[in-house]
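Residue-level structural notes
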Amino acid sequence: MTSSDAIVIGGGHNGLVAATLLARSGRKVVLLEAEGEVGGAARTHEFHPGFRVSSIAHILNRLHPDVVKAMDLQRHGLTLEGRAMASVALGDAEPVVLRGAYGEMLDGVPASEATAWKELRAQLIRYAGVLTPLLARRPPDLAGMPLSEKLALGGIGLSLRRLGREDMRDFLRMLLMNVSDVLDEHLTSDALRGLVAFDAVLGSHLGPRSPTSLVGLYYRLAGEVGGVPGGQMLPQGGMGGVVSAMAASAAEAGVAIRTGTQVARILVEKGRSVGVGLANGEELRAATIVSAINPRTTFLDLVGSRDLDTGIVRKVQNVRMKGNVAKLHLALDRVPDFSGVAPEDHKGRLVIAPSASHVERAFNPAKYGAFSPEPVMEIVLPSLSDAALAPDGACVLSANVQFAPYALKGGWNEGRPAFQKAIMAQLERHAPGIGSSVIASELLTPADIETRFQMPGGHWHHGELQPDQMLMSRPFFGAGGYDTPIDGLFLAGAGSHPGGGVSGVPGMNAARRVMAVTQ
Amino acid sequence: MTDRRKAQSHIDQLRLETPFHPRLQALAQQNDWYDWAGYKAPASLWDEELEYFAIRSQAALFDISPMVKYRIEGRDAEAYCNRLTLRDVAKLRVGRVHYTAWCDEEGHVLDDGTLFRLAGDRFRLCCQERHLPWLLDSAIGFDVEIAEETETLAGLAVQGPTAFAVLCSAGFEGIERLRPFDIADFQHAGGVVTISRTGFTGDLGYELFVDAGSALSLWDRLMDAGHQHGIRAIGYTALNRARIEAGFIVANADFITAEHAIRADRVRMPDEIGLGWMVDAEKGHFNGRRAILAARSGGTLQHVLVGLEIEGNVPAEHAIVYHRKKREVGLVTAAIWSPTAKRNVAIASLQRPHGDTVIDDLWVEIYALLELQYVKLMKRARIIERPFVKLARRGATPPGMS
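Anyway, here's the lowdown on the structure attached to this text. (Residues numbered from 1 in each chain as written. Chains lettered and ligands numbered in written order. Predicted model: local features only at pLDDT ≥ 70, side-chain atom pairs only at ≥ 80, totals over all residues.)

**Description of the overall build of chain A**
Just so we agree on the cut-off: Only DSSP runs of H or I covering at least 4 residues are called helices, and only runs of E covering at least 2 are called strands; the numbering of each starts at the N terminus. The size measure is the radius of gyration over C-alpha atoms, and the globule rule it meets is 2.2 Å times the number of residues to the 0.38 power. Any residue with 12 or fewer other C-beta atoms within 10 Å of its own C-beta is exposed, any with 20 or more is buried, and the rest are partly exposed; the C-beta atoms used are placed from the backbone. Note on contacts: residues are paired as contacts if their backbone-placed C-beta atoms lie within 7 Å.
Looking only at helices and strands, chain A has 15 helices and 19 strands in total. In summary, chain A has a C-alpha radius of gyration of 22 Å against a globular reference of 24 Å for 519 residues, a match within 12%. Expressed along its principal axes, the backbone C-alpha trace of chain A runs to roughly 65 × 60 × 45 Å. The buried share of chain A, reckoned over its 519 residues, is 57%. Within chain A, contacts between residues at least 6 apart in sequence are counted, and of these 73% link residues at least 24 apart.

Spelled out as structure tokens, the structure:
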């Protein structure tokens, strides 16, 4: 039996952030990763000889600047170039191209629409800006808030006031609206509305007309890359490149990383976690246990209901985490040609979501356990920006496709071929001939994502990112501030506030919380 | 969800009759019924005063079938009960019963009741309220089966000084070996009746559980055998007097259970209703542990339950308790003039530190309605130990054949 100050369970990016920051505070930290390498869903893997792709997360749009700074990621090899990557809305007519950070400039629409967009974009970024600090800090602690937290919360109130009376009113009016209604108030372009609607609901079990769907867009716009709100980029080497920089930072900080080490249980004695038991029977002791894996797995599988109150088990079980996004990887023998898209813009993010109504229609079957017959998707061709990801002349395509409900009627083994066919039909419509250039393909349904990345429900965020599962209610009330009903056990993953995406914020906040409440 | 609904078929009928209803109906000269947890139950049958004295001087037969009953069975049954309830179930031997309580994650009491250990891996939980969803959710992660048996299991209490004599005359051989809180199985009508030496009266007494189908024959067997020992069927009013004398509390009368409380400050922790002694912080995790220990160490317990003796002879039911006749510090939840103790007693919930460290200069304000005119009485109240009535016969083994 060996001991350390802190054990971090899970070497996803949040686990790496938490472990590094704790090690930098002078603690002896061990990080345990079940897989053969760290990174979790933020890895790069080879899906066909010579073709490599970001496993799940493929676009960097919310890596928090404090994380970049605290881990010194740029010194460890992270480059933040290409952060002004364009988004291309592939519609039925000419594509609409959003240039700069989330469409600072717009191509493909009439001047009146461009003006309307400019105003709406400014408004959305302003409002997201009010929420940004709330999505970066520890959520407010309703019982017994220290002065520093009260001041921070007051600061958010103040920034709300600074919007001015009319803007503040509109902010509050819009907060829980659906994205489709908001877009209809301002815009007329189907392709543009389709793209924004898609972005708002990407990764959640919501359609654009579902109440509160605008929150998803705010969540996205609250992210930034290299100081640019709404920015996005394809990381060099895929998302695994970001994780490599984090792993290097962790190693330098003295984190002992043990891969291939599956944690079987968290040891609890009299309401306090005292260590972990590994699948191989070994026991490791530490006063602080930080779980950077799924909260349901943490509580039900590792702690176990015997050491939890029934009420907590109920809450854990009620956290909604059924993924709705599939990931498609194609190895192509040549660069595909998306109709009407300039060669340079193929380096951008290509979105097939012809209209908000189309996105809504794509969502409808998901409510009843069926996939979208005409799925909507976000496509990138990362090998255009990083030639090392594919052989010469060939191309990698990576797409997030929805809607692909986790609990598909009949199961995914049966449904996968039909869904892949539906996806390829959509692709063929926008990039004629793409089907004949496919050398190999890999379709990860939520069921695959669940098993391959140990993400229950195959959900990116380890829990639906909707208002009832945000802030102090993430993952559930009573474990919202990174500490848990088990003394000494902390949560640090995407299942905690603020949520998923490669931000590092849950890991960073969890480490800060540990430092605040332990020596 | 539908399975759970099916397991709660009692919901389909607004007012159920117990398996003993035909016998009760025949004796119900007062026709004075009340609703006990969805069952039609007698408040009194013929004379509530004499029914009370049947408990203390003869033998009283009281239908406890409406008491909610669950069977908990399986390899993890002990571990399950230990996580569910406050006391250490590992210390509860087979063939024994203990009084316990259980809490939600806030440490607020959901109910109190008795836990019967019928076998190493089989328990019966008896309580005031229905808890099937809670018990099933609590079973997640345990190898255990939970079954509702309120409707299928009939219960009868035989209480009073001649209770033992009644059971002997009824032919329950070996009943003399039962010590308080012992359980044993006996033959009845080709089946089994489970008898425990328990009760809610503070008197010598037994509780009998039998399949609903054998209920009436068991009633008749006891009534026939008890005839010479003065057995009488009684209603709740009489029993309530006896239980106050014994200092027992009743859920939703002396405290509001956590799932019933609508107002946030009405919920109670075990330490706030006199059940703090049950909390076993050493036994391992149980529901509410964290919250209860935090409230203790943080000094945030708000209330305390006390026994009071009040001067005079007017029962102080639901009277406000004052400190120095001025400051409101609590409420009397149950009160009677105790015929056996010959004292005016009450159970009250007080706001700490009153009743905890501040125990003198307490008063109750009684509004006595005398021929359409209220007489307001400010009476001195003194905190006294519960039970208010202690009877040696309750614990004597073998019991006397009075």
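We are not done yet, so read on.
**Things to note about the overall build of chain B**
A tally of regular secondary structure across chain B gives 10 helices and 19 strands. In terms of overall size, chain B behaves like a compact globule, its C-alpha atoms giving a radius of gyration of 21 Å where 402 residues would be expected to give roughly 21 Å. If one aligns the C-alpha atoms of chain B with their principal axes, the spans along those axes are about 65 × 50 × 40 Å. Burial status across chain B gives 49% buried among its 402 residues. Restricting to contacts in chain B with at least 6 residues of sequence separation, those with at least 24 account for 68%.

**Thoughts on the pairing of strand β16 (residues 376-380) of chain A**
Residue and element names in this part refer to chain A. Worth spelling out the cut-off: Two strands pair under a simple rule: DSSP has to find at least two bridges between them.
Within β16, five of the five residues are buried, which leaves it mostly tucked inside the rest of the structure. Residue alternation in β16 divides its side chains into two sets, Val376, Glu378 and Val380 and Met377 and Ile379, and both sets are buried. Two strands pair when backbone bridges link them, and strand β15 (residues 349-352) and β16 are joined in this way by three bridges, in the antiparallel orientation. Pairing of Val351 across the sheet is with Glu378, part of β16.

**With respect to the environment of Ala191(A)**
All names here are of chain A. Looking at the element boundaries, Ala191 is found in helix α7 (residues 190-201). With 94 residues separating them along the chain, Ala191 and Val97 place their C-alpha atoms 9.7 Å apart. Apart from the residues within four sequence positions on either side, Ala191 is in contact with Ala89, Gly91, Pro95, Val96 and Pro354.

**Focus: the nonpolar core**
Where we set the bar: Among buried residues, those of type Ala, Val, Leu, Ile, Met, Phe, Trp, Tyr and Cys that are joined through C-beta atoms within 7 Å form a set called a nonpolar core.
Counting 163 residues, the largest nonpolar core has Val8(A), Ala18(A) and Val290(A) as its most contacted members. A per-element tally of this core places α7(A) first, with eight residues. With near-sequence residues (within four places) excluded, Ala18(A) lies in contact with Val8(A), Val290(A), Ala292(A), Ala492(A), Gly507(A), Ala510(A) and Ala511(A). Judged by nonpolar contacts, the second largest core, of 117 residues, contains Phe62(B), Leu239(B), Val304(B) and Ile366(B).

**Observations regarding the sheet that holds strand β18 (residues 438-444) of chain A**
Residue and element names in this part refer to chain A. Definition in use: Under this scheme, a helix contributes an axis fitted over its contacting stretch, all axes are lines through C-alpha atoms, and angles between N-to-C directions fall in the 0 to 180 degree range.
Pairing is mixed in the open sheet, where eight strands are placed in the order β7-β6-β5-β15-β16-β17-β14-β18. Looking along the sheet, the strands with just one partner apiece sit at the ends: β7 (105-107) and β18. The mean angle between the axes of side-by-side strands here comes to 20°, regardless of whether they run parallel or antiparallel. Relative to β18, strand β14 (residues 326-332) runs antiparallel, the two being bridged by six bridges. In the sheet register, Leu332 faces β18, and the bridge partner there is Val438. Of the strands in this sheet, β5 (87-90), β6 (96-99), β15 and β16 are in contact with α7, which crosses β5 at around 120°.

**Things to note about the interface of chain A and chain B**
Defined as follows: In this classification, Asp, Glu, Lys and Arg are treated as charged, Ala, Val, Leu, Ile, Met, Phe, Trp, Tyr, Cys and Pro as nonpolar, and every other residue, Gly included, as polar.
Every contact between the two is made by 12 residues of chain A and, on the other side, 14 residues of chain B. A class-by-class count of the residues in the side of chain A that touches chain B yields three nonpolar, five polar and four charged.

**Thoughts on unusual backbone geometry**
For the bond from His497(A) to Pro498(A), the omega torsion is 0°, close enough to zero to count as cis. Tracing the backbone shows Pro498(A) in the loop between β19 (489-491) and α15 (505-517). In this structure, the amide linkage connecting Thr397(B) to the following residue, Pro398(B), adopts the cis form with an omega of -5°. Here Pro398(B) shows up in the segment after α10 (392-395). Although it is not a glycine, Ala37(B) sits at a positive phi angle of roughly 50°. Positionally, Ala37(B) belongs in the loop between β1 (32-36) and β2 (39-44). In this structure, Lys342(B) takes a positive phi of about 55° despite not being glycine. With respect to the helices and strands, Lys342(B) occurs in the loop between β16 (327-338) and β17 (343-351).

**Some words on the packing of helix α1 (residues 13-24) of chain A against helix α9 (residues 239-253) of chain A**
Residue and element names in this part refer to chain A. Operational definition: The scheme is simple: roughly parallel for angles under 35 degrees, roughly antiparallel for over 145, roughly perpendicular for 65 to 115, oblique for anything else. The sense of a crossing depends on the near helix, which, turned anticlockwise from the far helix by less than a right angle, makes the crossing left-handed and, turned clockwise, makes it right-handed.
Between α1 and α9, whose axes approach to 9 Å, the crossing angle comes to 25°. As summarised for this structure, α1 and α9 are arranged roughly parallel, according to the angle between their axes. The handedness of the crossing between α1 and α9 is left-handed. Residues His13, Leu16, Val17, Ala19, Thr20, Ala23 and Arg24 of α1 form the contact with α9, whose own contacting residues are Val242, Val243, Met246, Ala247, Ser249, Ala250 and Ala253. In the contact of α1 with α9, the residues fall into 10 nonpolar, three polar and one charged.

**Quick look at the environment of Thr257(B)**
All names here are of chain B. Structurally, Thr257 is set in the loop between α8 (236-246) and α9 (289-298). For Thr257 and Asp111, which are 146 residues apart along the polypeptide, the C-alpha to C-alpha distance reads 6.0 Å. When neighbours within four sequence positions are excluded, Thr257 is seen to be in contact with Val109, Leu110, Asp111, Glu129, Ala251 and Asn252.

**So, helix α3 (residues 111-131) of chain A**
How we decide: How far a helix is expected to stretch is found by multiplying one less than its residue total by 1.5 Å.
Helix length check: α3(A) (21 residues) gives 30 Å between terminal C-alpha atoms against 30 Å at 1.5 Å per residue, within 8%. Along α3(A), the positions that sit buried rather than exposed are Trp117(A), Arg121(A), Leu124(A), Tyr127(A), Ala128(A), Val130(A) and Leu131(A).

**Things to note about the pairing of strand β14 (residues 303-310) of chain B**
Residues and elements named next belong to chain B. With six of eight residues buried, β14 lies mostly within the body of the structure. For β14 and β17, the ladder comprises seven bridges, and the chain directions are antiparallel. Note on β17: the bridge partner recorded for Gly307 is Ile347. Pairing analysis gives four bridges linking β14 to strand β19 (residues 374-384), with the strands arranged antiparallel. Counterpart to Glu309 in the pairing with β19 is Arg382.

**Details of the packing of helix α3 (residues 48-57) of chain B against α8(B)**
All names here are of chain B. Packing of α3 against α8 leaves a shortest axis separation of 8 Å and a crossing angle of 50°. By the criterion of interaxial angle, the relationship of α3 to α8 is oblique. Crossing hand, α3 versus α8: right-handed. Across from Glu48, Glu51, Tyr52 and Ile55 in α3, the residues of α8 making contact are Thr237, Ala238, Arg241 and Ala242. Among the residues making up the contact of α3 with α8, the classes are represented as four nonpolar, one polar and three charged.

**Here we look at the sheet that holds strand β11 (residues 191-196) of chain B**
All names here are of chain B. Strands sit in the order β10-β11-β12-β9-β3-β13 across an open sheet of six strands; the sheet is mixed. The sheet terminates laterally at β10 (183-188) and β13 (231-233), the two strands that pair on one side only. Strand-to-strand twist of the sheet, defined as the mean angle between neighbouring strand axes without regard to direction, takes the value 25°. Relative to strand β12 (residues 205-211), β11 runs antiparallel, the two being bridged by three bridges. Looking at the pairing, Ile195 lines up with Leu208 of β12. Of the strands in this sheet, β3 (59-63), β9 (153-159) and β13 touch α3, which is tilted by about 115° from β3.

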